[in-house]
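Breakdown of the fold
So you can see what is in the structure, the chains are spelled out below.
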Amino acid sequence: PVDLSGTWNMVSNENFEDYMLALGIDFATRKIAKMVKPQKVIRQNGDNFTIRTLSTFRNYLVQFKVGEEFDEDTKGLDNRKCKSLVTWDNDRLTCVQKGEKMNRGWTHWIDGDELHLEMFCEGHVCKQRFQRA
Ligand code: RET
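In what follows, the accompanying structure is described. (Residues numbered from 1 in each chain as written. Predicted model: local features only at pLDDT ≥ 70, side-chain atom pairs only at ≥ 80, totals over all residues. Heavy atoms only, no water.)

A closer look at the overall build of the protein
When helices and strands are tallied, the protein shows two helices and ten strands. Along the protein, from the amino end to the carboxyl end, the secondary structure elements read β-α-α-β-β-β-β-β-β-β-β-β. Over its C-alpha trace the protein gives a radius of gyration of 14 Å, about what one expects of a compact globule, namely 14 Å for 133 residues. If one aligns the C-alpha atoms of the protein with their principal axes, the spans along those axes are about 40 × 30 × 25 Å. Considering only contacts in the protein between residues 6 or more positions apart, those separated by 24 or more positions represent 38%. Total accessible area on the protein stands at roughly 7,400 Å², and carbon and sulfur atoms take up 49% of it. Computing the positive centroid from 20 side-chain charges and the negative centroid from 20, the protein places the two 6 Å apart. (Helix = DSSP H or I, 4+ residues; strand = E, 2+ residues; numbered from the N terminus. Rg over C-alpha atoms; globule rule 2.2 N^0.38 Å. Contact = heavy atoms within 4.5 Å. Areas by Shrake-Rupley, 256 points an atom, 1.4 Å probe, with all protein chains shown as cover. Lys, Arg positive; Asp, Glu negative; His and termini not counted. Charge placed at Lys NZ, Arg CZ, Asp CG, Glu CD.)

Okay, here's the thing in structure tokens:
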């Protein structure tokens, strides 16, 4: 079974600016956000997840149970409300974030010793990779 748990440091970040633009994130936030190298701290306990995105600028926390839709408030990012649902798509942890923005979500998977994260919104895709801290 896949275990995403751990502390992960970002090693690459492609197209983040585009993704943030698609979300309508303001200029000042984008300028700072693209400079930071966030750390992911993931706690996986059966179907229960806590995912922390930590940076010197701002943090983001999301907690959910796989297969159970939840209300997500993207506070500090684009400040929207979504109905989010996370499921396993084979070995990929995949989230659909239903709301004002079309085709919005993300997927996490492990390849070798790296954690991959793709985040998408309205046709824009940001690709991030992380290595264990
Ligand atoms: C930071 C810094 C402040 C501004 C923005 C950020 C973006 C965070 C993102 C987090 C995504 C988290 C996910 C969690 C679930 O797995 C780095 C907090 C815009 C996009 C996908």
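Some thoughts on the sheet that holds strand β2 (residues 39-45)
As summarised here, the arrangement of the ten strands in space is β4-β3-β2-β1-β10-β9-β8-β7-β6-β5, forming an open sheet in which the pairing is antiparallel. Two strands close off the open sheet at either side, each with one partner strand: β4 (60-65) and β5 (70-73). Going across the sheet, the axis of each strand differs from the next one's by a mean of 25°, ignoring polarity. (Pairing = 2+ DSSP bridges. Axes fitted to C-alpha atoms, helices over the stretch in contact; angles between N-to-C directions.)

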